[in-house]
Amino acid sequence: LGAGATFDGAAWSAGLATVSANGAGLAMRVVEIDHVLPGAASSTTIDVIPSHAMVFGVTGRVIAEVTGASSFSIGIAGESADRYGSGYGTVAGSWLRGLTSAPLTYYADTALTLTAAGSDFTGGTVRLAVHFAELGLPRA
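Everything numeric here is computed off the predicted structure, so don't read it as measured data.

Visitor: What exactly am I supposed to notice about the sheet that holds strand β5 (residues 42-49) here?
Guide: Strand order in the open sheet made by the three strands is β5-β9-β7, with antiparallel pairing throughout. Edge strands, defined here as strands with exactly one partner in the open sheet, are β5 and β7 (71-75). Here the average twist between neighbouring strands, direction ignored, is 25°. Bridge analysis of β7 against strand β9 (residues 110-117) gives five bridges, and the strand direction is antiparallel.

Structure (structure tokens):
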């Protein structure tokens, strides 16, 4: 959808920043989801970070007011509840930008976890975008 593509001599690929004569490349990508919050203290997304992705950060926007919680954080379950920030606003239109201090590579498909502050979530929807790089293999 509106993405630039590069022809590497054999195939078209979207998002390539660099490409070798045999198709190895560095692709910059964004995966975006709308995550609906249930009535709970935390909520885990689908696996939005693909395996072997080098993540630069997570951005987002509250598209339906987050209710119950006074604010929220975004992190990775079992690792860091606030890796991508905390104290995020709950009003529709509020935005978030959580940068990784240095690109961080995930070696398995990985979900984000949103954790409520002050009280449990009772509803709301947050649009999340994960910004990452992928290394493409050369053709055989």
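The structure having been displayed, the exposition proceeds.
Visitor: Help me out: how do you make sense of the environment of Ile33 in this one?
Guide: Summarising the element assignment, Ile33 is placed in strand β4 (residues 25-36). The class for Ile33 is buried, based on a relative accessible area of 14%. When the C-alpha positions of Ile33 and Leu128 are compared, they lie 5.4 Å apart, and in sequence the two are 95 residues distant. Discounting residues that sit within four places of it in the chain, Ile33 has contacts with Thr45, Ile46, Val48, Val126, Arg127 and Leu128.

The rules behind each value
Along every chain, residues carry numbers that run from 1 in the direction the sequence is written. Local features in this predicted model are restricted to residues of pLDDT 70 or higher, and side-chain atom pairs are both shown and tallied only at a pLDDT of 80 or more, whereas totals for entire chains, interfaces and linings draw on every residue. Calculated side-chain values reflect all of the structure's heavy atoms, with hydrogen atoms and water omitted. When DSSP finds two or more bridges between two strands, those strands count as paired. Put simply, DSSP H or I for four residues or longer makes a helix, DSSP E for two residues or longer makes a strand, and each gets a number counted from the N terminus. In this description, a line fitted to the C-alpha atoms serves as the axis of each element, helices being fitted only across the stretch in contact, and the angle between N-to-C directions of two axes falls anywhere from 0 to 180 degrees. Here's how the labels work: a residue is buried when its accessible area is under 20% of the maximum for its type, exposed when over 50%, partly exposed in between, all with a 1.4 Å probe on protein chains only. Here, two residues are considered to be in contact whenever any of their heavy atoms come within 4.5 Å of each other.

Purely geometric stuff here, so don't read any function into it on its own.
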